[in-house]
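Understanding the architecture of this molecule
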Amino acid sequence: MQRRFITGTNRRTRLQKFLRFMEGVAGGIRSTSVEGVKMMVGDVFASMTIGCDVSDAVDDTDTITIGPVTIATVAAPATEDEISSPATDILYAAELAAAINAHSVLSNLVEAVSDGIDTVTVTARLPGKIGNEIAVTEAGNGYTLSGAVLAGGTNNAMVESDF
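Thresholds, definitions, all that
- Residues numbered from 1 in each chain as written.
- Predicted model: local features only at pLDDT ≥ 70, side-chain atom pairs only at ≥ 80, totals over all residues.
- Heavy atoms only, no water.
- Helix = DSSP H or I, 4+ residues; strand = E, 2+ residues; numbered from the N terminus.
- Buried < 20%, exposed > 50% of the residue type's maximum accessible area, 1.4 Å probe, protein only.
- Contact = heavy atoms within 4.5 Å.
- Areas by Shrake-Rupley, 256 points an atom, 1.4 Å probe, with all protein chains shown as cover.
- Pairing = 2+ DSSP bridges.
- Axes fitted to C-alpha atoms, helices over the stretch in contact; angles between N-to-C directions.
- Phe/Tyr/Trp six-rings, centres within 6.5 Å; stacked < 30°, edge-to-face > 60°.

1. Points about the overall build of the protein
- When you go through the protein residue by residue, the secondary structure sums to 3 helices and 10 strands.
- Written out in order from the N terminus, the α and β elements of the protein read α-β-β-β-β-β-α-α-β-β-β-β-β.
- Each of the 163 residues in the protein was classed as buried or not, and the buried ones make up 28%.
- Summarising the internal contacts of the protein: among those between residues at least 6 apart in sequence, 61% fall at separations of at least 24.
- When the accessible surface of the protein is summed, it comes to about 9,900 Å², and 55% of that surface belongs to carbon and sulfur atoms.

In structure tokens:
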């Protein structure tokens, strides 16, 4: 069996060579078997989840702090650092995600997505381990955090597979 390695000076060159090789395989010009492939997928984004629960006596003392910013639950929000006391978990999660994404500081640091039920996933805007440094804390009864910091961010992640 002949071993063939795809080499090149940069990722783009290696990818172009790989694609030409695979076109040959798909066209029946070449045959191949692949074993023990390692692929670098790049940096992975750090993230965490925030559970929102209005049945836990949400009141005007509930706060969540993400990085340097604290967002408070208040009766009548007047600033970007405030959200209203929600009527349902769905509204609570949606309002929190919207406030994070619209915030002048947080929108540059993280992105938030509501699952449409009661959970917000917060993901660092920058990939890699640096996102693991973003601390999140809560006070009051309305939030449940999956951790004290965003987690799972890695640099130069590798995926290994046998085909």
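2. Concerning the pairing of strand β6 (residues 110–114)
- Looking at chain direction, β6 and strand β7 (residues 119–124) are connected through 5 bridges and run antiparallel. Across the sheet, residue V113 finds its bridge partner in β7, namely T121.

3. Quick look at the sheet that holds strand β4 (residues 69–74)
- In spatial order, the strands read β5-β4-β3-β8; together these 4 strands make up an open sheet with mixed pairing. If you trace the sheet from one side to the other, it starts and ends with β5 (82–84) and β8 (136–139), each paired once. When strand polarity is set aside, the average angle formed by the axes of neighbouring strands in this sheet is 20 degrees.
- With 4 bridges connecting them, strand β3 (residues 63–66) and β4 associate as antiparallel partners. Residue T65 lies in a different strand from β4, and its bridge partner there is T70.

4. Things to note about the pairing of β3
- Alternating positions in β3 separate into two faces, T63 and T65 on one and I64 and I66 on the other, with burial throughout.
- Here 4 bridges tie β3 to β8, and the two strands are oriented antiparallel to one another. Across the sheet, the residue bridging to T63 is A139, located in β8.

5. Let's talk about the packing of aromatic side chains
- Evaluation of the coordinates by the stated rule reveals 1 aromatic pair.
- Aromatic side chains Y92 and Y143 sit 5.1 Å apart centroid to centroid with 40 degrees between the ring planes, which places their arrangement in the tilted category. Of the two residues, Y92 is situated in helix α2 (residues 89–102) and Y143 in strand β9 (residues 143–145); the sequence distance between them amounts to 51 residues.
- On the accessibility criterion, Y92 (0% relative accessible area) is buried.

6. Focus: the environment of K129
- Looking at the secondary structure, you find K129 in the loop between β7 and β8.
- In this view, K129 contacts G153, T154 and N155; residues no more than four positions away in its chain are not counted.

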